[in-house]
Amino acid sequence: MPKRNEMQIQFLSQSVNEAFARVAISAFITQLDPTVEELYDIKMAVSEAVTNAIIHGYEDKEDGIVAIKCGYQDKVIDITIIDEGKGIKSVEEAMQPLYTTSLEEERAGLGFTVMQEMMDEVEVCSHPGLGTTVKMKKSLEK
Amino acid sequence: MEFYMLDSTLVVALMGEIDHHTCVAIRQAVDRNYQKKRAKNLLFDFEKVTFMDSSGIGMLMGRYRLAAIGGGRIGLYNVPKDIERILKMSNVCKLMKAYSNKQEALKELA
């Protein structure tokens, strides 16, 4: 019998919710009995995407909505992080390692690089003024 | 988070999760202690760190700059394997070395 499940959460764009997002996703993914490393990878990727939504999407405004949809089919996990913030002008440019728009705030510019490293697939869809959607996929080991 | 001086090196024992949210307090506390204690080098103990994302890399790069302005250097030790990965990915290891223990770190930084 194939295992299939889905969940959704949404929360305000406050940095304190970065830890909440990691814990919530971990609790859901634990149903699949992942390895410690796999769980860590997923937490990292979610943390980067949610941080991007808060800092860049909503520019630290604390009343935006960040939504996370997460589902799995057997051992394949899909995670989508959605914000309705200002969007990214050039996704291609933003995904370059070390690219950052916030120079004064000590950002490493590694968010997308980490997501790509931790997950099997990362797809970013963004429209200036409408927001950004990051879709990530990862297959757990057999 | 705990701070103590060993010669001219400020040792910072970090704790828990390092992300964009917790970096704010870490940055403030480290900078304040570095100035107040007139430290030269900065040494971060990662033993009790359970998670770090790329925000932590930004924080470390900023502290590297702080120490460089003070004529000092920065080092790390007790780095867990998961965190070593993001350090390698970011190339931040070109600016600061991860030592295997405190004695080695202090010897190298001195």
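A brief structural summary. (Residues numbered from 1 in each chain as written. Chains lettered and ligands numbered in written order. Predicted model: local features only at pLDDT ≥ 70, side-chain atom pairs only at ≥ 80, totals over all residues. Heavy atoms only, no water.)

## Focus on the overall build of chain B
Helix and strand counts for chain B come out as four helices and five strands. Reading the secondary structure of chain B in the N-to-C direction produces β-β-α-β-α-β-α-β-α. The C-alpha radius of gyration computed for chain B amounts to 12 Å, which stays within 12% of the reference 13 Å derived for 110 residues, consistent with globular compactness. Seen through its principal axes, chain B has C-alpha atoms that stretch 30 × 25 × 20 Å. The burial tally for chain B puts 49% of its 110 residues in the buried class. Accessible area of chain B: about 5300 Å², with a carbon and sulfur share of 51%. Of the side chains in chain B, 17 bear a positive and 12 a negative charge, and the two mean positions are spaced by 7 Å. (Helix = DSSP H or I, 4+ residues; strand = E, 2+ residues; numbered from the N terminus. Rg over C-alpha atoms; globule rule 2.2 N^0.38 Å. Buried < 20%, exposed > 50% of the residue type's maximum accessible area, 1.4 Å probe, protein only. Areas by Shrake-Rupley, 256 points an atom, 1.4 Å probe, with all protein chains shown as cover. Lys, Arg positive; Asp, Glu negative; His and termini not counted. Charge placed at Lys NZ, Arg CZ, Asp CG, Glu CD.)

## Details of unusual backbone geometry
With a phi close to 45°, E59(A) is a non-glycine residue in the positive phi region. Its place among the elements puts E59(A) in the loop between helix 2 (36-57) and strand 2 (65-73). On the basis of relative accessibility, which here comes to 43%, the residue E59(A) falls in the partly exposed class. Not every positive phi belongs to a glycine, and N91(B) is a case in point at roughly 65°. Tracing the backbone shows N91(B) in the loop between helix 3 (81-90) and strand 5 (97-99).

## Thoughts on the interface of chain B and chain A
When the parts come together, some accessible area is lost, and that loss is often what is quoted as the size of the interface. Of the residues lining the interface, 23 residues belong to chain B; the matching set on chain A comes to 25 residues. Here chain B and chain A share an interface that buries about 2100 Å² over both sides, 51% of which is from carbon and sulfur atoms. Taken together, the links from chain B to chain A amount to five salt bridges. Where R63(B) meets E106(A), a salt bridge forms, and the shortest distance between an N and an O atom there is 3.0 Å. Run the count over chain B and chain A and you get 13 residue pairs in polar contact (both at pLDDT 80 or more). For the side of chain B that touches chain A, the secondary structure elements donating two or more residues are helix 1 (20-36), strand 3 (41-52), helix 2 (54-69) and helix 3 of chain B. (Contact = heavy atoms within 4.5 Å. Buried area = accessible area lost by both parts, 1.4 Å probe. Salt bridge = Lys/Arg side-chain N within 4 Å of Asp/Glu carboxyl O. Polar contact = N/O pair within 3.5 Å; in protein donor to acceptor, adjacent residues only side chain to side chain.)

## Digging into the layout of surface pockets
Residue and element names in this part refer to chain A. Volume-wise, the largest pocket comes out at about 580 Å³. The set of elements that each furnish at least two residues to the lining of the largest pocket consists of helix 2, strand 3 (76-83), helix 3 (91-94), helix 4 (111-118) and strand 5 (131-139). Take the lining of the largest pocket: its biggest share by element is seven residues, from helix 2. (1 Å grid on protein atoms, 1.4 Å probe; cavity = no way out; pocket = protein on both sides within 12 Å on 5 of 7 lines; lining within 4 Å. Points joined across faces, edges and corners; volume = space filled by probe spheres on them.)

## Observations concerning the nonpolar core
If you look at the biggest cluster of nonpolar residues, it comprises 69 residues, and the most contacted ones within it are I68(A), I79(A), M136(A), L42(B), F44(B) and F46(B). Of the residues forming this core, the biggest block, nine residues, is contributed by helix 2 of chain A. Not counting chain neighbours up to four residues away, the residues in contact with I79(A) comprise I25(A), I42(A), V46(A), I68(A), K69(A), C70(A), M119(A), V134(A), K135(A) and M136(A). If you look at the next biggest cluster of nonpolar residues, it comprises six residues, including L43(B), Y77(B), A105(B) and L109(B). (Core = buried A, V, L, I, M, F, W, Y, C linked by side-chain atoms within 4.5 Å.)

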